[in-house]
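An overview of the molecular structure
One-letter residues, chain by chain:
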Amino acid sequence: MGRRPHVLIIPFPAQGHVAPLMKFAYQISDHGIKVTFVNSDFIHEKLVAALPDEDEARSRIGLASIPDGLGPGEDRKDSLKLTDSIFRVMPGHLKEFMEKVNNSNDDEKITCVIADSAFGWALEVADKMGIKRVAFCPFGPGSLALAFHIPRLIEAGLLNSTDGSLLNDELICLAKDIPAFSSNRLPWSCPSDPTLQEVIFRLAFKDISAINLSNWLICNSVYELDSSACDLIPNILPIGPLIANNHLGHYPGNFWPEDSTCISWLDKQPAGSVIYVAFGSLAILSQHQFNELALGIELVGRPFLWVVRSDFTNGSDAEYPDGFIERVAENGKIVSWAPQEKVLAHPSVACFLSHCGWNSTMDGIGMGVPFLCWPYVVDQFHNQSYICDKWKVGLGLNPDENGFISRHEIKKKIEMLVSDDVIKANAEKLKEMTRKSVSEGGSSYKNFQTFVEVMKQ
Ligand SMILES: O=c1ccn([C@@H]2O[C@H](COP(=O)(O)OP(=O)(O)O[C@H]3O[C@H](CO)[C@@H](O)[C@H](O)[C@H]3O)[C@@H](O)[C@H]2O)c(=O)[nH]1
């Protein structure tokens, strides 16, 4: 009998990257593959601290960590500083870690490295060590297809080669069924910080060369949802939507502890009544915008479940409008982190007010919940175009003349959304389609099986 395959998984240190890779790690470990999940030390500590029971995680997959080069108190929200440090130290630490594993036990040798597509350097380390490589893309195929086209778009005079900005007013149209990219829908677009935009763009460009070094490219999507984009990407295997809900208890993929009282609260609400509001792990609102959001969901008068992370406003702690907490005590629930998949799967939920991060997009699509879109940065604007224009399962919010989303706009759009039967029916259809894709014979199911077989060879 051959050796049991041993896969090393390395995510970019952000919630929206660790979460899908951790779900994927659990799925492949269910198929007899040994998995070691390598985070930065900083993220590893966060994940373990967020678990109700540490041992639960350790029994299923190996959790390991390496330094990211920054000290314990240093600011990891400074993206430039963090990225610079990662590039300087992590390749060396990863190589050392892999050599140690390989030298410790012949039966445990690493047979494959699965790295976040934003961590091209990890694929390069594996390539130099002669180990099989798989890239995992945590965002959607549309954004990835754009990244694959960067050299051609520069050559065609459409993109600036330094910062990836559009050189003229022409929209970028990769294929008929892929929403066009305008300047504010480019995933690297960052008008408030030109240096950061340059760095993100250069990384996207560089990562594509590393992805081209890999044997496979996995993504958390469904072929039928975006076949035009998938067809433009070599060796892509869409295996989504990745769902932890059904076969995991607590999995070590959260940076914050889940508030488990959400579900018993939802149990008490009428079917199809609740507005679920969550902005993922990175979005930060100004105090003014936060107030408008609070007053907007209050104005609707429906029950709501609102995730307010401890770092959600750009002051320190969020300050609620005067009297808000008392007025909504009866029908509102505010938590700092929710079991999002379970919430979206609950029959009481009517709609999802979301920042349109790719994972949240897949969560909502997989559960058939209509979206109210409030994109904030990177790929989220383009994801909104998929949700509203291509799949027609949601509505967008329009800012006022000062660039804010007003409470009245929020109230108006939520009311339009919950009474829109066409959007509801479309969301149900996509839910069915995604269910079929992960069931026996479906496209994601088959891609996953192919992948597992390749891993075992
Ligand atoms: O209360 C909550 C809120 C979120 N989640 C989970 O947290 C993840 C959030 O991921 P995502 O929706 O993608 O948002 P971000 O954390 O903002 O993700 C970043 O990374 C994504 C993948 O690259 C990008 O698509 C986003 O734009 C980028 O902001 C998802 O798995 C959610 O299920 C919870 O479990 N509980």
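Criteria and cut-off values
Residues numbered from 1 in each chain as written. Predicted model: local features only at pLDDT ≥ 70, side-chain atom pairs only at ≥ 80, totals over all residues. Heavy atoms only, no water. Salt bridge = Lys/Arg side-chain N within 4 Å of Asp/Glu carboxyl O. Helix = DSSP H or I, 4+ residues; strand = E, 2+ residues; numbered from the N terminus. Core = buried A, V, L, I, M, F, W, Y, C linked by side-chain atoms within 4.5 Å. Buried < 20%, exposed > 50% of the residue type's maximum accessible area, 1.4 Å probe, protein only. Contact = heavy atoms within 4.5 Å. Phe/Tyr/Trp six-rings, centres within 6.5 Å; stacked < 30°, edge-to-face > 60°. Lys NZ or Arg CZ within 6 Å of the ring centre and 35° of its normal.

Looking at an unreviewed UniProt entry, the protein carries the name Glycosyltransferase N-terminal domain-containing protein, with the source organism given as Vitis vinifera.

1. Brief notes about the pattern of salt bridges
This structure, assessed with the given rule, holds 18 salt bridges. Asp127 is the salt-bridge partner of Arg133, the closest N and O atoms lying 3.6 Å from each other. We note a salt bridge from Arg327 to Glu298, for which the minimum N-O separation is 2.6 Å. Pair noted here: Arg327 is in helix α12 (residues 324-327) and Glu298 is in helix α11 (residues 287-300), with a separation of 29 residues, a long-range link.

2. Some thoughts on the nonpolar core
Counting 120 residues, the largest nonpolar core has Phe24, Ile28, Ile114, Tyr276 and Trp391 as its most contacted members. No other element matches the 8 residues that helix α1 (residues 15-29) contributes to this core. Trp391 has contacts with Leu225, Trp358, Thr361, Met362, Ile365, Tyr386, Asn426 and Leu430, leaving out every residue within four places of it along the chain.

3. Digging into the packing of aromatic side chains
If you walk through the whole model with that rule in mind, you get 22 aromatic pairs. Residues Phe12 and Phe119 carry aromatic rings whose centres are separated by 5.5 Å and whose planes lie at 65° to one another, so their mutual orientation is edge-to-face. Here Phe119 lies in the loop between β4 (112-116) and α5 (120-128) and Phe12 lies in the loop between β1 (6-10) and α1, a separation of 107 residues in the sequence. With relative accessibility at 2%, the residue Phe119 sits in the buried group. A centroid spacing of 6.1 Å and a plane angle of 80° characterise the contact between Phe24 and Phe448, whose relative ring orientation is edge-to-face. Pair noted here: Phe24 is in helix α1 and Phe448 is in helix α18 (residues 443-456), with a separation of 424 residues, a long-range link. Grouping residues by exposure puts Phe24 and Phe448 together as buried. Ring pairing ties together the aromatic residues Phe279, Phe290, Phe304, Trp306, Phe312, Tyr320, Phe324 and Trp374, which thus form one cluster. Above the ring of Trp256, the side-chain terminus of Lys46 is found at 5.4 Å from the ring centroid. The positively charged end of Arg76 is found above the aromatic ring belonging to Phe42, 4.1 Å away from the centroid.

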